Amino acid sequence: MATPACSEDFWRFVKNGAPDNANGLILESVRESLIRQEDTIVFNLIERAKFPLNSPVYDEPCAQIPGCCGSLLEFIVKETESLQAKVGRYESPEENPFFPDALPPPVVTPYNYPQVLHPAAASININKTIWNMYVKELLPLFTVQGDDGNYGSTASSDVQCLQALSRRIHYGKFVAEVKFRDAPQDYGPAIRAQDRDALMKLLTFESVEEMVKRRVEKKAMVFGQEVNLGDRGDKGNYKLDPSIVSRLYGEWVMPLTKDVQVEYLLRRLD
Ligand SMILES: C=C(O[C@@H]1C=C(C(=O)O)C=C[C@H]1O)C(=O)O
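Thresholds applied
Residues numbered from 1 in each chain as written. Predicted model: local features only at pLDDT ≥ 70, side-chain atom pairs only at ≥ 80, totals over all residues. Heavy atoms only, no water. Patch = residues over 30% accessible without salt bridge, like charges linked within 9 Å, V, L, I, M, F, W, Y side chains within 5 Å. Areas by Shrake-Rupley, 256 points an atom, 1.4 Å probe, with all protein chains shown as cover. Salt bridge = Lys/Arg side-chain N within 4 Å of Asp/Glu carboxyl O. Lys, Arg positive; Asp, Glu negative; His and termini not counted. Charge placed at Lys NZ, Arg CZ, Asp CG, Glu CD. Helix = DSSP H or I, 4+ residues; strand = E, 2+ residues; numbered from the N terminus. Buried < 20%, exposed > 50% of the residue type's maximum accessible area, 1.4 Å probe, protein only. Near = heavy atom within 4 Å. Polar contact = N/O pair within 3.5 Å; in protein donor to acceptor, adjacent residues only side chain to side chain. Nonpolar A, V, L, I, M, F, W, Y, C, P; charged D, E, K, R; others polar. Phe/Tyr/Trp six-rings, centres within 6.5 Å; stacked < 30°, edge-to-face > 60°. Lys NZ or Arg CZ within 6 Å of the ring centre and 35° of its normal.

Now for a negative patch on the surface. A contiguous patch of negative charge on the surface is contributed by Asp59, Glu60, Asp147 and Asp148. Topologically, Glu60 is positioned in the loop between helix 3 (56–59) and helix 4 (72–86). Here Glu60 falls in the partly exposed class, since its relative accessible area comes to 45%.

If you want it as structure tokens, here you go:
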């Protein structure tokens, strides 16, 4: 049975079950989903890189909008989440809101997501850290300095980036669940001892991390190259610096995914 490459397929796969495991949840299929999410992240960053930094989106209160007391980015994220909550986005265990307080309930019949995670998963949300990483560290790295006044489009593009990064990083819950199911005898003692370092060691695969960094760098090269019909390709002229994508994964995305894994495992036997 082929392993699925994207989230929707992943859920169908989990629901239908796979021969390898009673629940259909295997590390290979979870990793396939992470690989597919790389495409989304790289594309979204390329889209955001079309605009300069546009710092008023983050730094200034959006005074023109009645009832808005934070930045324009906060306003757009809150409004987007509110709309998406109504159509059931946050019923999915893959999705974690940036502003969980005061979200409206779904107005559509909820999709019956398979319960593959321990219920404690719902209490893990590191979006504040992801927000700060994105705004303070990442944006200044991959956008050019400047202000072109395109604040609405810029902030809309940020929403896509933030949501894709959040989904990827919180996917650590699924990664941790499969790793635990594959080796409860290894994880059990470290969980009972609440030993973060031991858990971190158990769940880390350095060779996989190296491969991920190389692959996302290559994706940034392929997706962000200038495409010409003639012989002369614009080699080396990328829409998004590939080494920054590799750095994003090495310094933030993978460490934060592992933090989520540790947090989940610490609660796995509650
Ligand atoms: C996600 C996994 O766990 C860890 C985190 C990784 C990541 O975030 O990409 C990669 C390898 C592991 O060290 C995994 O094993 O695939």
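This next bit is on the site of the ligand. Close to the ligand lie 14 residues, the nearest being Arg31, Arg168, Lys179, Phe205 and Glu209. A distance of 2.7 Å separates an oxygen atom of the ligand from a polar side-chain atom of Arg31. Separating an oxygen atom of the ligand from a side-chain N or O atom of Gln261 is a distance of 3.0 Å. Protein coverage of the free-state accessible area of the ligand, which is 360 Å², stands at 99%. Every element with two or more residues in the shell around the ligand is listed here: helix 2 (27–48), helix 7 (172–182), helix 10 (206–223) and helix 11 (242–267). Top contributing element to the shell around the ligand by residue count: helix 11, with four residues. Taken together, the residues that form the shell around the ligand break down as six nonpolar, three polar and five charged.

Bringing the packing of aromatic side chains into the picture now. Counted under the stated rule, the structure contains five aromatic pairs. Ring centres of Phe43 and Phe223 lie 4.5 Å apart, and the angle between their planes is 5°; on these two criteria the pair is classed as stacked. Residue Phe43 is located in helix 2, and its partner Phe223 is located in helix 10; the two are separated by 180 residues in the primary sequence. Residue Phe43 is classed as partly exposed on the basis of its relative accessible area, which comes to 44%. The class of Phe223 is partly exposed, set by a relative accessible area of 25%. For the pair Phe99 and Trp131, a centre-to-centre distance of 5.6 Å together with 80° between the ring planes defines the contact as edge-to-face. Here Trp131 lies in helix 5 (residues 127–142) and Phe99 lies in the loop between helix 4 and helix 5, a separation of 32 residues in the sequence. Among the residues examined, Trp131 registers a relative accessible area of 14% and is labelled buried. Members of the aromatic cluster, connected to one another through ring pairs, are Phe98, Phe99 and Trp131. The ring of Phe205 is capped by Arg31, whose NZ or CZ atom sits 5.2 Å from the centre of that ring. Looking at Lys78, its charged tip hangs above the ring of Phe99, at a distance of 4.8 Å from the centre.

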